[in-house]
Amino acid sequence: TGMVTLDPGFVNTASCASEITYIDGDAGILRYRGYPIEQLAARSSFVEVSYLLIYGELPTQAQLDEFTGKISRHTLLHEDLKRFFDGFPRDAHPMPVLSSAVSALSTFYQDSLNPFDDEQVDITTIRLLAKLPTIAAYAYKKSVGQPFLYPDNSLGLVENFLRMTFGLPAEPYEVDPALARALDLLLILHADHEQNCSTATVRLVGSSEANLFASVSAGINALFGPLHGGANQAVLEMLNKIHADGGDVDSFVKKVKNKEDGVRLMGFGHRVYKNYDPRAAIIKKTADDVLGKLGVQDPLLDIALKLEEYALSDDYFVERKLYPNVDFYTGLIYKAMGFPTRMFTVLFALGRLPGWIAQWQEMIKDPARKIGRPRQVYIGAAERDYAPITAR
Ligand code: CMC
């Protein structure tokens, strides 16, 4: 009520008060529940970070064991849900498969969808954390025509996901611990980022008191877009294209600066970070490590380094404070790990899930909660009279 202010993209409008994630965009600071991202990346694990985001504190060993145990007991998908994957074309992009399957979970667990029943919210939380890696692996298996593998609950979350993705029924699959650790680290870096597009979507959908599965499914769809999570796929496609065109970085950057065909330097720029993205700094080092360890010589890495070097010293990018963001180097790492380009945004979704859940839970418990319902500034026709169709 009162005066309505127009703020496209909510550049200056806070939609909630939150205790979960702190970002200082000018200083390049990111903290989950007060803990600096650099410390969590170096010393924590994705499951522990999930606990931290959702429950607010780092777990004791007993709490972590209980949480891990609960997640591993819920990794199986209902056999009927497994058949759901048959309905998609072989070349289906795995992101809409992922969001559809998550949406479908609310048909399998109709007795636990009450957003105001803590026990029901908790079991839904565990089911989501446990089943999303299985769904993601099946979306991949479907796309390559290989059989689905049942989860192996003696393995950790990341190891299990890697085995279900890359393993085959007849061959034992040994998870490379260095690979698992690198993926775990990337998931930690993606785990929350306050009110980004997909998280704001999860909160907005949830504000109508829609259940957690429905809200997270909406978040996955928001993440799919190339300006958000889809950027990691778009970066690799951009690097591939520059490579295919002969590796001419200068003429590509010129195109971006002239805004030809709306071409952007994908993996650059951020609404909040105007100095550097602390996640990108950690990831760049990981890219060196992973590519080095796996012995991968990727010409796309050289193109990425050249692009970065060029952009960081060019007025267009400097004036607009455009720096590499989290997505600039992740694609190269995922590619080196063996993931096809279309799985990159799915990996982002796996990482962002605990953040979505934590933010949805905070929203539903917020005493100041109201249904999300932005206002508008009307700029259409003034009142006019209906004309019969023969008179138009
Ligand atoms: N390449 C070229 N120009 C850019 C870029 C870019 N990547 N990003 C912003 N600009 C320009 C933009 O054209 C505008 O210039 P001008 O003032 O001349 O019109 C100026 O910089 C400000 O851009 P904006 O679009 O108003 O900034 P925003 O805060 O609304 O957008 C962004 C942020 C991330 C959507 C944008 O920087 C972008 O499109 N980046 C490329 C896509 C990308 O990498 N997304 C991943 C974001 S990080 C993680 C995630 O959310 O997935």
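The structure displayed is predicted, hence computed values, not measured ones.

Peer 1: Would you mind showing me how to read the site of the ligand here?
Peer 2: Close to the ligand lie 20 residues, the nearest being A231, R264, G269, R271 and N325. Split into classes, the residues belonging to the shell around the ligand amount to 8 nonpolar, 8 polar and 4 charged.

Peer 1: What should I look at first to understand the sheet that holds strand β3 (residues 35-36) in this one?
Peer 2: Backbone hydrogen bonds hold the strands of a sheet together, and the pairing may be parallel or antiparallel. Taken in spatial order, the 3 strands make up an open sheet running β1-β2-β3, and their pairing is antiparallel. In this open sheet, the two edge strands, each paired with only one partner strand, are β1 (21-24) and β3. In the sheet, β1 pairs with strand β2 (residues 29-32) via 4 bridges, with the strands oriented antiparallel. By the bridge assignment for β2, I23 is matched with L30.

Peer 1: Whenever I open this one, the nonpolar core confuses me. Can you help?
Peer 2: Within the largest apolar cluster, 106 residues are counted, with the highest numbers of intra-cluster contacts made by L98, A136 and I333. Sorting elements by how many residues they give to this core places helix α17 (residues 344-365) first, with 12 residues. Residues in contact with A136, not counting those within four places in the same chain, are L98, F161, V346 and L350.

Peer 1: Just checking my understanding: could you explain the pairing of β2 for this structure?
Peer 2: Remark: a regular strand shows side chains that alternate across the two faces of the sheet. Judged by which residues are buried, β2 turns out to be one-sided: L30 and Y32 face inward and are buried, whereas I29 and R31, on the alternate face, are not. Across 2 bridges, β2 lies against β3 in antiparallel orientation. Looking at the pairing, R31 lines up with P36 of β3. Taking the residues that link successive antiparallel strands as the turn, the β2-β3 hairpin has 2 residues, and the phi of R33 there is positive, at about 50°.

Peer 1: When you look at the packing of helix α5 (residues 94-108) against helix α6 (residues 118-144) in this model, what are you seeing that I'm missing?
Peer 2: The axes of two packed helices give the description: the angle between them and the distance between them. It is the contact of α5 with α6, at a shortest axis distance of 9 Å, that shows an interaxial angle of 140°. Considering their axes alone, α5 and α6 lie oblique with respect to each other. Considering the relative orientation of α5 and α6, their crossing is right-handed. Between α5, through P94, V97, L98, A101, V102 and L105, and α6, the contact on the second element is made entirely by R127, K131, I135, A136, A139, Y140 and S143.

Peer 1: I keep staring at the UniProt feature "active site" (unreviewed entry) in the protein and nothing clicks. Help me out?
Peer 2: Mapped onto this structure's residue numbering, the UniProt feature "active site" (unreviewed entry) falls at H270 and D327. Spatial clustering of the annotated residues is evident: they stretch over 58 residues in sequence, but the largest pairwise C-alpha distance comes to 10.6 Å. Its 22 C-beta neighbours within 10 Å are what place H270 among the buried residues. Those residues in contact with H270 that lie beyond four places of it in its chain are D277 and N325. Topologically, D327 is positioned in helix α16 (residues 327-337).

Peer 1: Can you help me understand the domain arrangement of the protein in this one?
Peer 2: When the parts come together, some accessible area is lost, and that loss is often what is quoted as the size of the interface. You can read the domains of the protein as domain 1 (17-225 + 341-365) and domain 2 (231-337). Domain 1 and domain 2 are separated by 26 Å when their C-alpha centres are compared. Domain 1 puts 24 residues into the contact, and the matching count from domain 2 is 23 residues. At the level of secondary structure, the elements contributing two or more residues to the side of domain 1 that touches domain 2 comprise β2, α1 (37-43), α8 (177-190) and α17.

Peer 1: Help me understand the packing of helix α9 (residues 197-206) against α17, please; the structure alone is not making it clear to me.
Peer 2: Relative to each other, α9 and α17 sit at 35°, their axes nearing to 9 Å. The two elements α9 and α17 meet at a crossing, and its hand is right-handed. Between α9 and α17, the contacting residues are S198, T199, V202, R203 and G206 on the first element and R352, G355, W356, Q359, W360, M363 and I364 on the second. Residue composition of the contact of α9 with α17, by class: 5 nonpolar, 5 polar and 2 charged.

Peer 1: Quick question: what am I supposed to make of unusual backbone geometry here?
Peer 2: For residues besides glycine, phi is generally negative; the peptide bonds are generally trans as well. Of note, the phi angle at K259 is positive, near 55°, even though the residue is not glycine. Among the secondary structure elements, K259 is positioned in the loop between α12 (249-257) and α13 (278-293).

So, how was this worked out
- Residues numbered from 1 in each chain as written.
- Predicted model: local features only at pLDDT ≥ 70, side-chain atom pairs only at ≥ 80, totals over all residues.
- Near = placed C-beta within 6 Å.
- Nonpolar A, V, L, I, M, F, W, Y, C, P; charged D, E, K, R; others polar.
- Pairing = 2+ DSSP bridges.
- Helix = DSSP H or I, 4+ residues; strand = E, 2+ residues; numbered from the N terminus.
- Core = buried A, V, L, I, M, F, W, Y, C linked by C-beta atoms within 7 Å.
- Buried ≥ 20, exposed ≤ 12 C-beta atoms within 10 Å, placed from the backbone.
- Contact = placed C-beta atoms within 7 Å.
- Axes fitted to C-alpha atoms, helices over the stretch in contact; angles between N-to-C directions.
- Parallel < 35°, antiparallel > 145°, perpendicular 65-115°, else oblique.
- Left-handed = near helix turned anticlockwise from the far one by under 90°.
- UniProt positions renumbered as here; feature names shortened; annotations may be inferred.
- Domains from an automatic or database assignment.

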